Amino acid sequence: MARICPKCGRSSDEIEFIGSLCKDCYVETVGIARIPEEISFTYCKYCGRYKYQGGWNEPSDTIEDTLIDYLVLVLSRKAKPSREINEVWINSVNLDRPFMGPGLYKALVKIGGRHNEITVAEERVITVRVNMAVCPLCTNKLTKRGYEAIVQIRGSSGKLSEDLKKRIDDFLEEELAGVLRESIIDFEEKKEGFDLLINDSSAARMIASKIKSAFMGKTIETYKLIGRKPDGSRKGRLTISVRLPDISPGNILKIGDRLYLFLEVSRGGNPILVDLQTGTEITANPEFLWKKGFTHYESGMEYKKLMLISRGNSITFLDASTGYSQVLDFPRDRVHVYVEDFEPGRVFKVLIVRGRAYVLGYEDNE
Ligand SMILES: [Zn+2]
Ligand SMILES: [Zn+2]
């Protein structure tokens, strides 16, 4: 027998029923769910983390996305299905105006629900109160408190060259995982390099070891007692000094009592060197530099600007620095080429040691 809706008079042949009402009148009078009328949202002014259940949580790409995700989360958790409804969910949440920081907003909430096989939908408007604060992590950064460790980045020559500093900056920016980067509270310029203040000792160790292996460094750890915690336990500060060789490709190094040409750093972080006594190329361990000690070797060796004339069994150059009047001829196996485009007519930066020519770069602007 067909049922008749007491509110609108439609029969159960025309429309599905929930309890004694048609589904439209059920949604209109009873509603699908009880949801909070007002929700507060607090986010950090500096990093965008938001407060939830007593902690601070990672944000989405924008504050507005974070807010919407948060509203969906809170509404999903707090929605209480009305008596005939088996389950409810949040379809979408939209703010009534563009997000402009702290203040009051209205949000349109689209709720979905199910009564046995019947699905229902409802729209509701709630108030959203947006607050701005500074999270504890950012407070630490601002006050430079709360750091457990210092990573000191230092150059071997007592100074860090601008070039090396730039490369380390890029490395920290691009190669560190988010959590590690976040653990850096502050960055302090020093005469001999720079310091990273880090909120956690194990993060400091990981950062130091990553820089060490990317830049052929060595590390020295020291631990200093700086007092006691309120519970009486020892409070210390870890300092990790990362020493990096201040060398660039093309540099001649005196390691022990031999001369080497530094070509580049291998993918695995090892220096690739040419033993200038024998002309052999070696991939060394960074330890090799540090154990024997190295210095920059400057005197007596000059780079020449040579134009390649011909390549055959012997290789012929003209010396560009003497007006192309001097011819230099080398057997082919005494010329070591470290450029891609070794073509006649081009001028190269060449180092000549013990009858061997090392072609290290270009001196023309092609
Ligand atoms: Zn009805
Ligand atoms: Zn923050």
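The structure we're discussing is the one just above.
Residues numbered from 1 in each chain as written. Chains lettered and ligands numbered in written order. Predicted model: local features only at pLDDT ≥ 70, side-chain atom pairs only at ≥ 80, totals over all residues.

A. Representation of the environment of E64 within the structure. Note that E64 resides in helix α2 (residues 63-78). In this structure the C-alpha to C-alpha distance between E64 and G48, which are 16 residues apart in sequence, comes to 10.0 Å. (Helix = DSSP H or I, 4+ residues; strand = E, 2+ residues; numbered from the N terminus.)

B. Highlighting helix α6 (residues 201-214). For α6, with 14 residues, the first-to-last C-alpha span of 20 Å sits near the 20 Å given by 1.5 Å per residue. For α6, every residue scored as buried is listed here: A203, A204, I207, A208 and I211. The buried residues of α6 occupy an angular sector of 130° when projected down its axis, which confines them to one face. Next to the buried residues of α6 lie β11 (149-155), α4 (162-175), α5 (178-182), β13 (193-198), β14 (218-228) and β15 (234-244). Of the residues trailing α6, M216 is marked for its positive phi of about 60°. (Expected span 1.5 Å × (residues − 1). Buried ≥ 20, exposed ≤ 12 C-beta atoms within 10 Å, placed from the backbone. Arc of directions from axis to C-beta. Contact = placed C-beta atoms within 7 Å.)

C. Layout of the sheet that holds strand β17 (residues 258-265). Read from one edge of the open sheet, five strands run β19-β18-β17-β16-β20, paired in antiparallel fashion. With one partner strand each, in any of the chains shown, β19 (281-283) and β20 (294-296) form the two edges of the open sheet. Averaged over all adjacent pairs, the angle separating strand axes in this sheet is 40°, with direction ignored. Note that β17 and strand β18 (residues 271-275) share five bridges and pair antiparallel. Looking at the pairing, Y260 lines up with D275 of β18. (Pairing = 2+ DSSP bridges. Axes fitted to C-alpha atoms, helices over the stretch in contact; angles between N-to-C directions.)

D. Here's a closer look at the nonpolar core. Residues V151, I198, A204, L261 and Y358 are the most contacted members of the largest nonpolar core, which totals 49 residues. Looking at this core, the element that brings in the most residues is α6, giving five residues. The residues touching V151, leaving out its near neighbours within four places in the chain, are D195, L196, I198, A204, I207, A208, I240 and V242. Listed in part, the 29 residues of the second largest apolar core include V27, F41, L71 and L75. (Core = buried A, V, L, I, M, F, W, Y, C linked by C-beta atoms within 7 Å.)

E. Structural context of the environment of I272. Its location among the elements puts I272 in strand β18. The class of I272 is partly exposed, set by 17 C-beta atoms lying within 10 Å. Separated by 72 residues in the primary sequence, I272 and P344 have C-alpha atoms spaced 27 Å apart. Beyond its immediate stretch of four places on either side in the chain, I272 contacts L263, E264, S266, E281 and T283.

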